[in-house]
Amino acid sequence: LFRSHTFSVAQILMGILGSGYFAVLFYIPLFLQEGQHITPIHTGLTMLPEAITMLVFAPVAGLLYDKVGARWPAVIGLLTVAGSTYMMSFITWDLSRESVMLWTSIRSCGYVLAIVPVLTLGIAAVPPEYVDEANAWNNLTYRVTAALVLSVLNAIAAGLTAQLATDRSPPRTALPPELRPRTLLLIYKHLLVRVQAEVLDDLFLITTLVTLAGALLALTLPGGRPSPGRPSGDADIEITGPGPPAA
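A short tour of the structure in this document, coming up. Since this is a predicted model, take the numbers as computed values, not measurements.

## Focus: unusual backbone geometry
Argument step 1. Its identity as a non-glycine residue notwithstanding, His-37 has a phi of 60°, on the positive side.
Argument step 2. Tracing the backbone shows His-37 in the loop between α1 (5–35) and α2 (40–68).
Argument step 3. Residue His-37 is classed as exposed on the basis of its relative accessible area of 62%.

## A closer look at a nonpolar patch on the surface
Argument step 1. A surface patch of nonpolar side chains, amounting to about 640 Å² of accessible area, comprises Leu-79, Tyr-86, Met-87, Phe-90, Leu-205, Leu-209 and Leu-212.
Argument step 2. At the level of elements, α3 (71–87) and α6 (181–218) are the ones that each hand at least two residues to the nonpolar patch.
Argument step 3. Relative to the helices and strands, Leu-205 resides in helix α6.
Argument step 4. Judged by relative accessible area, Leu-205 falls into the partly exposed class, the value being 35%.

## Quick word on α2
Argument step 1. When the terminal C-alpha atoms of α2 are compared, their 41 Å separation across 29 residues agrees well with the 42 Å that a helix rising 1.5 Å per residue should span.
Argument step 2. All buried positions along α2 are accounted for by Thr-43, Thr-46, Met-47, Glu-50, Thr-53, Met-54, Ala-61 and Tyr-65.
Argument step 3. On its buried side, α2 packs onto α1 and α4 (97–124).
Argument step 4. Two residues or fewer after α2 comes Gly-69, characterised by a positive phi angle close to 90°.

## Considering the side chain of Asn-138
Argument step 1. Looking at the element boundaries, Asn-138 is found in helix α5 (residues 131–168).
Argument step 2. Excluding residues within four positions of it along the chain, Asn-138 makes contact with Phe-7, Gln-11, Met-14, Leu-119 and Ile-123.

## Quick look at the packing of α2 against α4
Argument step 1. Running from N to C, α2 and α4 point in directions that differ by 35°, and their axes come no closer than 7 Å. Along this stretch, α2 crosses α4, giving a crossing that reads as right-handed.
Argument step 2. When grouped by side-chain class, the residues that make up the contact of α2 with α4 number 18 nonpolar, 8 polar and 2 charged.

The rules behind these values
- Residues numbered from 1 in each chain as written.
- Predicted model: local features only at pLDDT ≥ 70, side-chain atom pairs only at ≥ 80, totals over all residues.
- Heavy atoms only, no water.
- Helix = DSSP H or I, 4+ residues; strand = E, 2+ residues; numbered from the N terminus.
- Buried < 20%, exposed > 50% of the residue type's maximum accessible area, 1.4 Å probe, protein only.
- Patch = residues over 30% accessible without salt bridge, like charges linked within 9 Å, V, L, I, M, F, W, Y side chains within 5 Å.
- Areas by Shrake-Rupley, 256 points an atom, 1.4 Å probe, with all protein chains shown as cover.
- Salt bridge = Lys/Arg side-chain N within 4 Å of Asp/Glu carboxyl O.
- Expected span 1.5 Å × (residues − 1).
- Contact = heavy atoms within 4.5 Å.
- Axes fitted to C-alpha atoms, helices over the stretch in contact; angles between N-to-C directions.
- Left-handed = near helix turned anticlockwise from the far one by under 90°.
- Nonpolar A, V, L, I, M, F, W, Y, C, P; charged D, E, K, R; others polar.

So, to be careful, I would describe these as geometric facts and stop short of saying anything about function.
Quick look at the structure:
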(Lines give C-alpha, C1' and ligand atoms only; values in the text may rest on other atoms or scores of the structure.)
Protein backbone atom coordinates (compact mmCIF):
# COMPACT_ATOMS: atom_id res chain seq x y z
CA LEU A 1 0.00 0.00 0.00
CA PHE A 2 2.69 2.49 0.94
CA ARG A 3 4.41 2.07 -2.41
CA SER A 4 1.69 4.39 -3.65
CA HIS A 5 2.83 7.99 -3.23
CA THR A 6 -0.77 9.20 -3.23
CA PHE A 7 -1.85 6.78 -0.51
CA SER A 8 1.19 7.63 1.64
CA VAL A 9 0.59 11.38 1.35
CA ALA A 10 -3.10 10.83 2.12
CA GLN A 11 -2.15 9.00 5.33
CA ILE A 12 0.09 11.86 6.46
CA LEU A 13 -2.61 14.41 5.73
CA MET A 14 -5.19 12.30 7.55
CA GLY A 15 -2.93 12.30 10.60
CA ILE A 16 -2.44 16.08 10.44
CA LEU A 17 -6.16 16.79 10.03
CA GLY A 18 -7.18 14.35 12.74
CA SER A 19 -4.62 15.68 15.20
CA GLY A 20 -5.69 19.29 14.71
CA TYR A 21 -9.36 18.41 14.89
CA PHE A 22 -9.08 16.56 18.18
CA ALA A 23 -6.75 19.21 19.64
CA VAL A 24 -9.36 21.93 19.15
CA LEU A 25 -12.16 19.60 20.22
CA PHE A 26 -10.29 18.84 23.46
CA TYR A 27 -8.71 22.13 24.50
CA ILE A 28 -11.45 24.64 23.70
CA PRO A 29 -14.17 22.93 25.81
CA LEU A 30 -11.58 22.35 28.54
CA PHE A 31 -10.77 26.05 28.66
CA LEU A 32 -14.43 27.07 28.59
CA GLN A 33 -15.27 24.80 31.51
CA GLU A 34 -12.16 25.12 33.67
CA GLY A 35 -11.11 28.66 32.79
CA GLN A 36 -14.45 30.38 32.40
CA HIS A 37 -16.57 27.97 34.47
CA ILE A 38 -19.15 27.52 31.72
CA THR A 39 -21.47 24.57 32.27
CA PRO A 40 -21.08 21.45 30.10
CA ILE A 41 -24.46 22.14 28.47
CA HIS A 42 -23.45 25.64 27.38
CA THR A 43 -20.05 24.35 26.29
CA GLY A 44 -21.72 21.79 24.08
CA LEU A 45 -24.01 24.46 22.61
CA THR A 46 -20.95 26.61 21.89
CA MET A 47 -19.35 23.78 19.93
CA LEU A 48 -22.60 22.81 18.16
CA PRO A 49 -22.22 25.20 15.17
CA GLU A 50 -18.95 23.45 14.29
CA ALA A 51 -20.75 20.11 13.95
CA ILE A 52 -23.66 21.62 12.01
CA THR A 53 -21.30 23.36 9.59
CA MET A 54 -19.45 20.12 9.02
CA LEU A 55 -22.68 18.27 8.33
CA VAL A 56 -23.92 20.88 5.85
CA PHE A 57 -20.59 21.35 4.05
CA ALA A 58 -19.72 17.66 3.56
CA PRO A 59 -21.83 17.20 0.39
CA VAL A 60 -20.32 20.37 -1.06
CA ALA A 61 -16.82 18.98 -0.52
CA GLY A 62 -17.82 15.79 -2.34
CA LEU A 63 -19.14 17.76 -5.31
CA LEU A 64 -15.95 19.82 -5.48
CA TYR A 65 -13.89 16.63 -5.55
CA ASP A 66 -15.94 15.36 -8.49
CA LYS A 67 -15.52 18.67 -10.33
CA VAL A 68 -11.89 19.64 -9.78
CA GLY A 69 -10.19 16.65 -8.15
CA ALA A 70 -8.45 16.39 -4.80
CA ARG A 71 -5.42 18.67 -4.90
CA TRP A 72 -6.90 22.16 -4.71
CA PRO A 73 -9.79 21.39 -2.36
CA ALA A 74 -7.27 19.76 -0.02
CA VAL A 75 -4.84 22.67 -0.22
CA ILE A 76 -7.55 25.32 0.24
CA GLY A 77 -9.12 23.32 3.05
CA LEU A 78 -5.82 22.93 4.90
CA LEU A 79 -5.06 26.65 4.48
CA THR A 80 -8.51 27.47 5.87
CA VAL A 81 -7.88 25.19 8.83
CA ALA A 82 -4.47 26.77 9.40
CA GLY A 83 -5.84 30.33 9.16
CA SER A 84 -8.73 29.75 11.55
CA THR A 85 -6.48 27.88 13.99
CA TYR A 86 -4.05 30.81 13.89
CA MET A 87 -6.86 33.20 14.75
CA MET A 88 -7.66 30.96 17.70
CA SER A 89 -4.08 31.34 18.94
CA PHE A 90 -4.98 34.77 20.35
CA ILE A 91 -7.11 33.38 23.15
CA THR A 92 -7.45 35.58 26.22
CA TRP A 93 -8.97 34.90 29.62
CA ASP A 94 -12.21 36.64 28.56
CA LEU A 95 -12.67 34.64 25.36
CA SER A 96 -16.22 35.10 24.03
CA ARG A 97 -18.43 32.21 23.03
CA GLU A 98 -19.34 34.00 19.80
CA SER A 99 -15.71 34.06 18.63
CA VAL A 100 -15.40 30.35 19.45
CA MET A 101 -18.49 29.61 17.36
CA LEU A 102 -17.18 31.70 14.45
CA TRP A 103 -13.67 30.31 14.19
CA THR A 104 -14.57 26.70 14.91
CA SER A 105 -17.27 26.87 12.21
CA ILE A 106 -14.83 28.29 9.66
CA ARG A 107 -12.33 25.68 10.70
CA SER A 108 -14.84 22.87 10.22
CA CYS A 109 -15.51 24.10 6.66
CA GLY A 110 -11.81 23.81 5.85
CA TYR A 111 -11.57 20.48 7.63
CA VAL A 112 -14.36 18.91 5.58
CA LEU A 113 -13.09 20.51 2.38
CA ALA A 114 -9.73 18.81 2.95
CA ILE A 115 -10.66 15.49 4.57
CA VAL A 116 -13.24 14.39 1.98
CA PRO A 117 -10.94 14.53 -1.09
CA VAL A 118 -7.94 13.22 0.86
CA LEU A 119 -9.89 10.24 2.16
CA THR A 120 -11.49 9.51 -1.22
CA LEU A 121 -8.27 9.87 -3.17
CA GLY A 122 -6.37 7.68 -0.73
CA ILE A 123 -8.86 4.86 -1.17
CA ALA A 124 -8.97 5.33 -4.95
CA ALA A 125 -5.18 5.14 -5.17
CA VAL A 126 -4.99 1.44 -4.27
CA PRO A 127 -6.08 -1.65 -6.26
CA PRO A 128 -9.68 -2.75 -5.57
CA GLU A 129 -8.62 -5.89 -3.72
CA TYR A 130 -6.77 -3.77 -1.13
CA VAL A 131 -9.58 -1.31 -0.44
CA ASP A 132 -10.54 -2.95 2.87
CA GLU A 133 -6.95 -2.84 4.06
CA ALA A 134 -6.67 0.79 2.99
CA ASN A 135 -9.82 1.64 4.96
CA ALA A 136 -8.32 0.00 8.03
CA TRP A 137 -5.14 2.05 7.62
CA ASN A 138 -7.20 5.24 7.30
CA ASN A 139 -8.94 4.59 10.62
CA LEU A 140 -5.72 3.52 12.31
CA THR A 141 -3.74 6.53 11.10
CA TYR A 142 -6.49 8.99 11.98
CA ARG A 143 -7.09 7.72 15.51
CA VAL A 144 -3.61 6.69 16.58
CA THR A 145 -1.88 9.80 15.23
CA ALA A 146 -4.45 12.04 16.92
CA ALA A 147 -3.97 10.24 20.24
CA LEU A 148 -0.17 10.42 20.05
CA VAL A 149 -0.12 14.09 19.05
CA LEU A 150 -2.60 14.95 21.79
CA SER A 151 -0.32 13.23 24.30
CA VAL A 152 2.65 15.27 23.05
CA LEU A 153 0.65 18.49 23.23
CA ASN A 154 -0.40 17.66 26.80
CA ALA A 155 3.24 17.16 27.74
CA ILE A 156 4.15 20.50 26.15
CA ALA A 157 1.21 22.15 27.90
CA ALA A 158 2.32 20.81 31.29
CA GLY A 159 5.81 22.21 30.84
CA LEU A 160 4.58 25.57 29.60
CA THR A 161 2.05 25.85 32.42
CA ALA A 162 4.69 25.30 35.07
CA GLN A 163 7.09 27.78 33.46
CA LEU A 164 4.52 30.50 32.81
CA ALA A 165 2.98 30.16 36.27
CA THR A 166 6.41 30.73 37.77
CA ASP A 167 7.17 33.67 35.48
CA ARG A 168 3.79 35.38 35.93
CA SER A 169 3.51 34.92 39.71
CA PRO A 170 4.15 38.18 41.59
CA PRO A 171 6.94 38.14 44.20
CA ARG A 172 5.70 37.50 47.72
CA THR A 173 7.10 40.85 48.84
CA ALA A 174 5.04 42.65 46.15
CA LEU A 175 1.75 41.63 47.75
CA PRO A 176 0.39 43.84 50.51
CA PRO A 177 0.47 41.98 53.83
CA GLU A 178 -3.12 43.02 54.64
CA LEU A 179 -4.59 40.99 51.76
CA ARG A 180 -7.13 38.46 52.91
CA PRO A 181 -6.78 34.77 51.98
CA ARG A 182 -9.93 34.99 49.84
CA THR A 183 -8.41 37.83 47.83
CA LEU A 184 -5.19 35.88 47.37
CA LEU A 185 -7.20 32.90 46.13
CA LEU A 186 -8.96 35.06 43.55
CA ILE A 187 -5.62 36.44 42.36
CA TYR A 188 -4.27 32.91 42.06
CA LYS A 189 -7.29 31.70 40.09
CA HIS A 190 -7.09 34.63 37.69
CA LEU A 191 -3.39 33.92 37.20
CA LEU A 192 -4.13 30.30 36.32
CA VAL A 193 -6.71 31.32 33.72
CA ARG A 194 -4.27 33.73 32.11
CA VAL A 195 -1.58 31.05 32.05
CA GLN A 196 -3.98 28.50 30.57
CA ALA A 197 -4.93 30.97 27.80
CA GLU A 198 -1.26 31.62 26.97
CA VAL A 199 -0.55 27.88 26.84
CA LEU A 200 -3.44 27.33 24.43
CA ASP A 201 -2.11 30.16 22.26
CA ASP A 202 1.20 28.34 21.93
CA LEU A 203 -0.41 24.96 21.27
CA PHE A 204 -2.66 26.36 18.54
CA LEU A 205 0.32 28.11 16.98
CA ILE A 206 2.14 24.77 16.79
CA THR A 207 -0.97 23.21 15.25
CA THR A 208 -1.10 26.05 12.70
CA LEU A 209 2.49 25.47 11.58
CA VAL A 210 1.96 21.71 11.21
CA THR A 211 -1.21 22.32 9.18
CA LEU A 212 0.63 24.74 6.89
CA ALA A 213 3.22 22.02 6.28
CA GLY A 214 0.33 19.71 5.39
CA ALA A 215 -0.96 22.26 2.85
CA LEU A 216 2.44 22.27 1.15
CA LEU A 217 2.43 18.47 1.11
CA ALA A 218 -1.07 18.46 -0.42
CA LEU A 219 0.36 20.21 -3.48
CA THR A 220 1.97 16.91 -4.42
CA LEU A 221 -1.41 15.20 -4.74
CA PRO A 222 -2.63 14.38 -8.26
CA GLY A 223 -4.64 17.17 -9.86
CA GLY A 224 -7.56 17.14 -12.24
CA ARG A 225 -10.97 15.53 -12.17
CA PRO A 226 -11.13 11.83 -11.27
CA SER A 227 -11.83 9.65 -14.31
CA PRO A 228 -15.06 7.61 -14.07
CA GLY A 229 -14.39 3.92 -13.61
CA ARG A 230 -10.66 4.40 -13.07
CA PRO A 231 -8.80 4.83 -9.78
CA SER A 232 -7.17 8.18 -9.15
CA GLY A 233 -3.49 8.87 -8.66
CA ASP A 234 -1.05 5.97 -8.97
CA ALA A 235 -3.41 3.11 -8.18
CA ASP A 236 -2.17 1.16 -11.17
CA ILE A 237 1.10 0.29 -9.40
CA GLU A 238 1.73 -3.37 -8.88
CA ILE A 239 1.68 -4.56 -5.30
CA THR A 240 3.48 -7.83 -4.89
CA GLY A 241 2.76 -10.41 -2.24
CA PRO A 242 -0.34 -12.35 -1.28
CA GLY A 243 -3.64 -10.59 -1.67
CA PRO A 244 -6.50 -10.68 0.81
CA PRO A 245 -8.12 -14.08 1.33
CA ALA A 246 -11.04 -14.90 -0.92
CA ALA A 247 -14.48 -14.68 0.60
